[in-house]
Amino acid sequence: MDTLHMLFNAVTVIFIAATMFAAGLGATIAALRSIFTNVPLLLLALLTNMVLIPLLGWGMGALFSLPSAAFIALVLVASSPGGPFGAKLAMVQNGDVVAGAAMQVLLATVGSLTFAPTVNAILSAADLGKGISLDVATLVGTVALLQLVPFAMGLLLRRYSEPTARSWHPTAAAVSNVTFLIVLAGMLVGNWRDVVALLGSLALLAGFVLAAAAFAVGTLLATGPPVRRTTMGGVAAVRNAGPALAAIGIAFGNQPAVLGALAAVLLSGLAAALPIATMLSGRRSGPAAPDNTR
């Protein structure tokens, strides 16, 4: 069992690092600048993803009276913005792909620093009856190391050797996708009893509703044309599994109940976000050109 845990942890680290390295390889200074200089869009996105959606996760966990493991998983997901699938949702819905990818990278970067304090504050305030609290300093350091360093390496490579970055990007993206599937399968198979136990609870519904609500809030609290606004909604709906997995490993010792709940919440969230993006795609005749207007 210890060997399996070590393998799971190793694949998780590879997934987080490869995801952010691929994001760096695919990012451009111009695209990031277009987000940084669009102050209203930037501030609204930060408010939505760093404040409102974590509060929504807390509220839904309390509303549905989730058991502790599912409540923790929902809060972890809600507090972790910048999921890499958000950029892919922009493609699925024929949205503003450049702005979506840039915002996803920005949120993942900032989220690596805000994730632990946000989760710790919510879990400390929530009455779980166990006095749960995270080691914020350790978690911030670990998540920042696993996310910021690979992203910076990819971005620098893209900046100074674009042909190399372009040639490496498909491989890095493939490693990210494959390791994510392995991690998700590991959570489901390795903790299948806990996942099955959730079928009779409201955890799946809570994850589904959270993603749908995040899509709506992210769309409403955005600036620009409808194509960009719904792109921001998609980015908000898909959360970053990396910090959540790191937190479960560091703070909860990879507890099967929490891992199983995390897998269930992530899958139910995708089940909500994908149909919305597909429906939006059906209403659009083709890919929208990026709009960098303020």
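Structure: see above.
The present account deals with the structure reproduced in this document. (Residues numbered from 1 in each chain as written. Predicted model: local features only at pLDDT ≥ 70, side-chain atom pairs only at ≥ 80, totals over all residues. Heavy atoms only, no water.)

1. Some words on unusual backbone geometry
Part 1 of the reasoning: At Asn94, a position not held by glycine, the phi torsion is positive, near 55 degrees.
Part 2 of the reasoning: Of note, Asn94 is situated in the loop between helix H5 (85–92) and helix H6 (97–125).
Part 3 of the reasoning: In this model, Asn254 sits at a positive phi of 55 degrees, which is unusual for a non-glycine residue.
Part 4 of the reasoning: Counting through the fold element by element, Asn254 comes out in the loop between helix H12 (241–251) and helix H13 (256–282). (Helix = DSSP H or I, 4+ residues; strand = E, 2+ residues; numbered from the N terminus.)

2. Some thoughts on the pattern of salt bridges
Part 1 of the reasoning: Overall, the coordinates contain three salt bridges when judged by the stated rule.
Part 2 of the reasoning: Taking the shortest distance from any N to any O, the salt bridge between Arg158 and Glu162 comes out at 3.9 Å.
Part 3 of the reasoning: In this structure, the salt-bridge partner of Glu162 is Arg166, at a minimum N-O distance of 2.7 Å. Of this pair, Glu162 and Arg166 both sit in helix H8 (residues 162–190), four residues apart, roughly one helical turn. (Salt bridge = Lys/Arg side-chain N within 4 Å of Asp/Glu carboxyl O.)

3. Brief notes about the packing of H6 against helix H7 (residues 136–160)
Part 1 of the reasoning: Close contact between H6 and H7 brings their axes to 9 Å; oriented N to C, the two are set at 170 degrees. As far as their axial angle goes, H7 and H6 are roughly antiparallel. Of H7, the residues touching H6 (which contributes Val105, Ala108, Thr109, Ser112, Leu113, Phe115, Ala116, Pro117 and Asn120) are Val136, Leu139, Val140, Val143, Ala144, Gln147, Leu148 and Phe151.
Part 2 of the reasoning: Counted by class, the contact of H6 with H7 contains 13 nonpolar, four polar and no charged residues. (Axes fitted to C-alpha atoms, helices over the stretch in contact; angles between N-to-C directions. Parallel < 35°, antiparallel > 145°, perpendicular 65-115°, else oblique. Contact = heavy atoms within 4.5 Å. Nonpolar A, V, L, I, M, F, W, Y, C, P; charged D, E, K, R; others polar.)

4. Observations regarding the packing of helix H10 (residues 203–220) against helix H11 (residues 226–237)
Two quantities define a packed helix pair, namely the angle between the helix axes and the distance between the axes.
Part 1 of the reasoning: At a minimum axis separation of 7 Å, H10 and H11 run at an interaxial angle of 145 degrees. Note that H10 runs across H11; the crossing there is right-handed. In contact with Ala211, Ala214, Phe215, Gly218, Thr219 and Leu220 of H10, H11 contributes Arg229, Thr230, Met232, Gly233, Gly234, Ala236 and Ala237.
Part 2 of the reasoning: Here the residues of the contact of H10 with H11 are counted per class, giving seven nonpolar, five polar and one charged. (Left-handed = near helix turned anticlockwise from the far one by under 90°.)

5. Here's the deal with a nonpolar patch on the surface
Part 1 of the reasoning: A grouping of Leu47, Val51 and Leu55 is seen on the molecular surface, where their side chains present a nonpolar patch of about 230 Å² in accessible area.
Part 2 of the reasoning: Inspection of the secondary structure puts Val51 in helix H3 (residues 39–63).
Part 3 of the reasoning: Residue Val51 is classed as partly exposed on the basis of its relative accessible area of 37%. (Patch = residues over 30% accessible without salt bridge, like charges linked within 9 Å, V, L, I, M, F, W, Y side chains within 5 Å. Areas by Shrake-Rupley, 256 points an atom, 1.4 Å probe, with all protein chains shown as cover. Buried < 20%, exposed > 50% of the residue type's maximum accessible area, 1.4 Å probe, protein only.)

6. Section: the packing of aromatic side chains
Part 1 of the reasoning: One pass over the structure, following the stated rule, counts two aromatic pairs.
Part 2 of the reasoning: Pairing Phe15 with Phe180 gives two aromatic rings, centres 5.4 Å apart and planes at 35 degrees, and the pair type is tilted. Residue Phe15 is found in helix H1 (residues 2–26), and its partner Phe180 is found in helix H8; the two are separated by 165 residues along the sequence.
Part 3 of the reasoning: In this structure Phe180 comes out as partly exposed when scored by relative accessible area, which is 22%.
Part 4 of the reasoning: Measuring from centroid to centroid gives 6.5 Å for Phe21 and Trp168, while their planes differ by 50 degrees, and the two rings are tilted. On the criterion of sequence distance, the pair formed by Phe21 in helix H1 and Trp168 in helix H8 is long-range, its members being 147 residues apart. (Phe/Tyr/Trp six-rings, centres within 6.5 Å; stacked < 30°, edge-to-face > 60°.)

7. Quick look at the environment of Ser281
Part 1 of the reasoning: In this structure, Ser281 sits in helix H13.
Part 2 of the reasoning: Separated by 191 residues in the primary sequence, Ser281 and Ala90 place their C-alpha atoms 9.4 Å from one another.

8. Quick notes on the side chain of Asn240
Part 1 of the reasoning: Residue placement: Asn240 occurs in the loop between H11 and H12.
Part 2 of the reasoning: Take Asn240: its relative accessible area is 4%, and that puts it in the buried class.
Part 3 of the reasoning: Polar contacts involving the side chain of Asn240 include one to the side chain of Gln147, which spans 2.8 Å.
Part 4 of the reasoning: A polar contact is formed between the side chain of Asn240 and the backbone nitrogen of Gly242, at a distance of 3.2 Å. (Polar contact = N/O pair within 3.5 Å; in protein donor to acceptor, adjacent residues only side chain to side chain.)

9. Here we look at the nonpolar core
Part 1 of the reasoning: By size, the foremost hydrophobic cluster in this structure holds 50 residues, and its most contacted members are Leu66, Leu76, Leu123, Met187, Leu245 and Leu262.
Part 2 of the reasoning: In terms of nonpolar packing, the next biggest core, distinct from the first, is built from 22 residues, Ala23, Ala31, Leu42 and Val105 among them. (Core = buried A, V, L, I, M, F, W, Y, C linked by side-chain atoms within 4.5 Å.)

10. Some thoughts on the environment of Ile182
Part 1 of the reasoning: With respect to the helices and strands, the residue Ile182 is situated in helix H8.
Part 2 of the reasoning: Accessibility expressed as a relative area gives 45% for Ile182, which makes it partly exposed.
Part 3 of the reasoning: Taking C-alpha positions, Ile182 is 8.8 Å from Thr12, a pair spaced 170 residues apart along the chain.

11. A short note on the environment of Leu46
Part 1 of the reasoning: Note that Leu46 resides in helix H3.
Part 2 of the reasoning: Taking the relative accessible area as the measure of exposure, Leu46 reaches 24% and is therefore partly exposed.
Part 3 of the reasoning: In this structure the C-alpha to C-alpha distance between Leu46 and Met103, which are 57 residues apart in sequence, comes to 9.7 Å.
Part 4 of the reasoning: Not counting the four nearest positions on each side in its chain, Leu46 is found in contact with Val51, Leu107 and Val110.

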